[in-house]
There are 2 protein chains.
Amino acid sequence: MSGAAFIAVDWGTTNRRTYLIEGADVVATERDEMGILSIPAGGFPKAVAALRARHGGLPMLLAGMVGSNRGWHDAGYVPAPAALPDLAAHLVSPLDGIAIVPGVCRDVGRRQDVMRGEEVQLLGAIEAGLAPADALLCQPGTHAKWATMEGGTLADFTTAMTGEMFALLKAHALIGGEMAGEVDADDAFCEGVAACADEDLLAALFGVRAASILGRRAPGTAAAYVSGLLIGSDCRARITQPGQRVHLLANGLLARLYSAAIAIAGGEAVLVDSHAAFVAGITRIWDIKS
Amino acid sequence: MSGAAFIAVDWGTTNRRTYLIEGADVVATERDEMGILSIPAGGFPKAVAALRARHGGLPMLLAGMVGSNRGWHDAGYVPAPAALPDLAAHLVSPLDGIAIVPGVCRDVGRRQDVMRGEEVQLLGAIEAGLAPADALLCQPGTHAKWATMEGGTLADFTTAMTGEMFALLKAHALIGGEMAGEVDADDAFCEGVAACADEDLLAALFGVRAASILGRRAPGTAAAYVSGLLIGSDCRARITQPGQRVHLLANGLLARLYSAAIAIAGGEAVLVDSHAAFVAGITRIWDIKS
């Protein structure tokens, strides 16, 4: 039933993006701040009805934190390795005409990991031909996701609390007082990426305080340096071969920071359009389901 | 002039310990919560006078954060490698009959580090024969200090924000909600120490959240596991040879945690009495000065 129109929503914690899709084409899109945290208890049916009414009452396919236990309805997790048909086979439907995509979990040996929302983008990037079927993909952010794709499936993944750690340090750590200045992929950032190759993170972070006390850091550069330590540590742990390509689903500042860190860590970043990846992934799920 | 009585104070951020020393003997000691943060602006002369009056008006030798720019009087830093005579040669005297011991800094190449207060204990441990002249010493805490002693001098050192990171995560991180339960050197702690050998810290910390969502962690064990990840990461970064001895200036819970982590990381912990080390170090400084 490819071609039938539907409404796709990438519904996250703090915002959501809605796409009206006909065939493989996005005929309308909107973004607002109505993430799941902004929806009052019991408020999802009303919020969804309003969204649906604005887009001709079409059926809806939702992905992201809306399917978590803090969202509307827990859509569970399918275990990795997972492909788009696995996601399509485990949709949950809280209301007639509305389905939610499950997340993906990794639960082998001593290491557990979970994702919810990123799986549509990751598998969609392969579906759209934006990344090869065997590739390392990265979605930077509060909780950065690194996915190993094998034969077009999401074979394994790792989440790092990179963005959350930066926010924690800046707001609450002793070195938070030093973390003035804007963050960009500048000299201080690159110095942080380089430094984390020599030193473990807990020691390198205290070094920011010591450098400040000893007058060895230019004012206004510590935030970028700490960002470099964290993103550098994240990239170095994941890039295991020289020249490793990393398909980066990001834009703006995060794309600049991760591209620079990946290069310093010996890899090569390839930018991927994350909206196009999402549309390709969600459309494929819709087609399989229909 | 060894043998003349004096008052030694190990004056930290949140508490202080006072020793009345005659010769090499401690004839009285007291501990209170009057760390430097509890002293109002301009209040040090009064606080010191009260302490001095309680101990017969003897001269005083102060060490620790009282000599920082947030304390009474900035006593500066002497550069590593440093020995007790170097500290004695750089005492500062804010008032007649009162001297403050400087801190030690490490400022070579790209890495800076500072300590203030720990240097007396570290060098005192060697002075007292509690550790050999060539040794790796560790003082765990909010900012854990690891010191390489060579020929009886404090040759180099590294500070890790291990304890501060635990407090930050527990109070403010997403995984803080999971970090219930008491921390001790139990199975969950040892599991954390083991896990951090396989995985980088930013990923291992997010794994705590994933394990909780997937029901793979017994309730009440996450705090000990996270403590194991952090202390394990700290110890693994510092223990570079199998069987490495670590002279541990700690007691109680921190001694148990670091002893367990050092053993799992392939080292061997040797407990050192940190009060005896301080007394030996400060007495030697006093003798050199007199």
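Residues numbered from 1 in each chain as written. Chains lettered and ligands numbered in written order. Predicted model: local features only at pLDDT ≥ 70, side-chain atom pairs only at ≥ 80, totals over all residues. Heavy atoms only, no water.

**Let's talk about the sheet that holds strand β5 (residues 77-79) of chain A**
Spelled out, the test is: Any two strands with at least two DSSP-identified bridges between them are counted as paired. Under the DSSP-based scheme used, a helix requires at least four consecutive residues in state H or I and a strand at least two consecutive residues in state E, with every element numbered from the N terminus. To obtain each axis, a line is fitted to C-alpha atoms, and for helices this fit is confined to the stretch in contact; angles are then taken between N-to-C directions over 0 to 180 degrees. We call two residues contacting when some pair of their heavy atoms lies within 4.5 Å.
One open sheet holds the three strands; their spatial order is β5-β8-β9 (chain A), and the pairing between them is mixed. Two strands bound the open sheet, and with one partner strand each, they are β5 and β9 (111-115) of chain A. Strand-to-strand twist in this sheet, taken as the mean axis angle between neighbours without regard to direction, amounts to 25°. Bridge count for β5 of chain A against strand β8 (residues 103-108) of chain A is three bridges, and the pairing is parallel. The residue bridging Pro79 of chain A from the neighbouring strand is Cys105 of chain A, located in β8 of chain A. The strands touched by helix α6 (residues 201-213) of chain B within the sheet are β5 and β9 of chain A, with β9 of chain A carrying the most contacts at an inclination of about 85°.

**With respect to the packing of helix α5 (residues 187-195) of chain B against helix α8 (residues 252-264) of chain B**
Residue and element names in this part refer to chain B. Quick reminder of the rule: Here roughly perpendicular refers to angles of 65 to 115 degrees, roughly parallel to angles under 35, roughly antiparallel to angles over 145, and oblique to all remaining angles. Crossings are sorted by hand: turned counterclockwise from the far helix by less than a right angle, the near helix makes the crossing left-handed, and turned clockwise it makes it right-handed. Polar here means any residue outside two lists: the nonpolar Ala, Val, Leu, Ile, Met, Phe, Trp, Tyr, Cys and Pro, and the charged Asp, Glu, Lys and Arg; Gly therefore counts as polar.
Where α5 contacts α8, the axes come no closer than 10 Å and their chain directions differ by 40°. Between α5 and α8, the crossing angle belongs to the class labelled oblique. Taken as a pair, α5 and α8 cross one another with a handedness that is right-handed. Together, Phe189, Cys190 and Val193 of α5 and Leu257, Ala260, Ala261 and Ile264 of α8 make up the contact between the two elements. Residue composition of the contact of α5 with α8, by class: seven nonpolar, no polar and no charged.

**Notes on the interface of chain A and chain B**
Let me state the cut-off plainly: Buried surface area refers to the total accessible area, computed with a probe of radius 1.4 Å, that the two partners give up upon joining, counted for both partners together. When a carboxyl oxygen of Asp or Glu is within 4 Å of a side-chain nitrogen of Lys or Arg, the pair counts as a salt bridge. Side-chain atoms alone can form a polar contact between residues adjacent in sequence; in general such a contact is a pair of N or O atoms within 3.5 Å, and within protein one must be able to donate a hydrogen while the other accepts it.
Facing the 46 residues of chain A at the interface are 46 residues of chain B. Of the roughly 3,700 Å² buried at the junction of chain A and chain B (both faces included), carbon and sulfur atoms supply 67%. Of all residues in chain A, the largest losses of buried area upon contact with chain B belong to Gln112, Leu202 and Phe206 of chain A, amounting jointly to 19% of the total for that side. At the surface where chain A touches chain B, the tally comes to eight salt bridges. In this structure, Glu199 of chain B engages Arg111 of chain A in a salt bridge whose closest nitrogen and oxygen atoms are separated by 3.6 Å. The interface formed by chain A and chain B includes 11 residue pairs in polar contact (both at pLDDT 80 or more). Breaking the side of chain A that touches chain B down by element, the ones donating at least two residues are β8, β9, β12 (153-160), α4 (162-172), α5 (187-195), α6 (201-213) and α7 (222-238) of chain A. Here the element with the most residues in the side of chain A that touches chain B is α6 of chain A; it accounts for 10 residues. Looking at the side of chain A that touches chain B residue by residue, the class counts come to 23 nonpolar, eight polar and 15 charged.

By themselves these figures say nothing about function.
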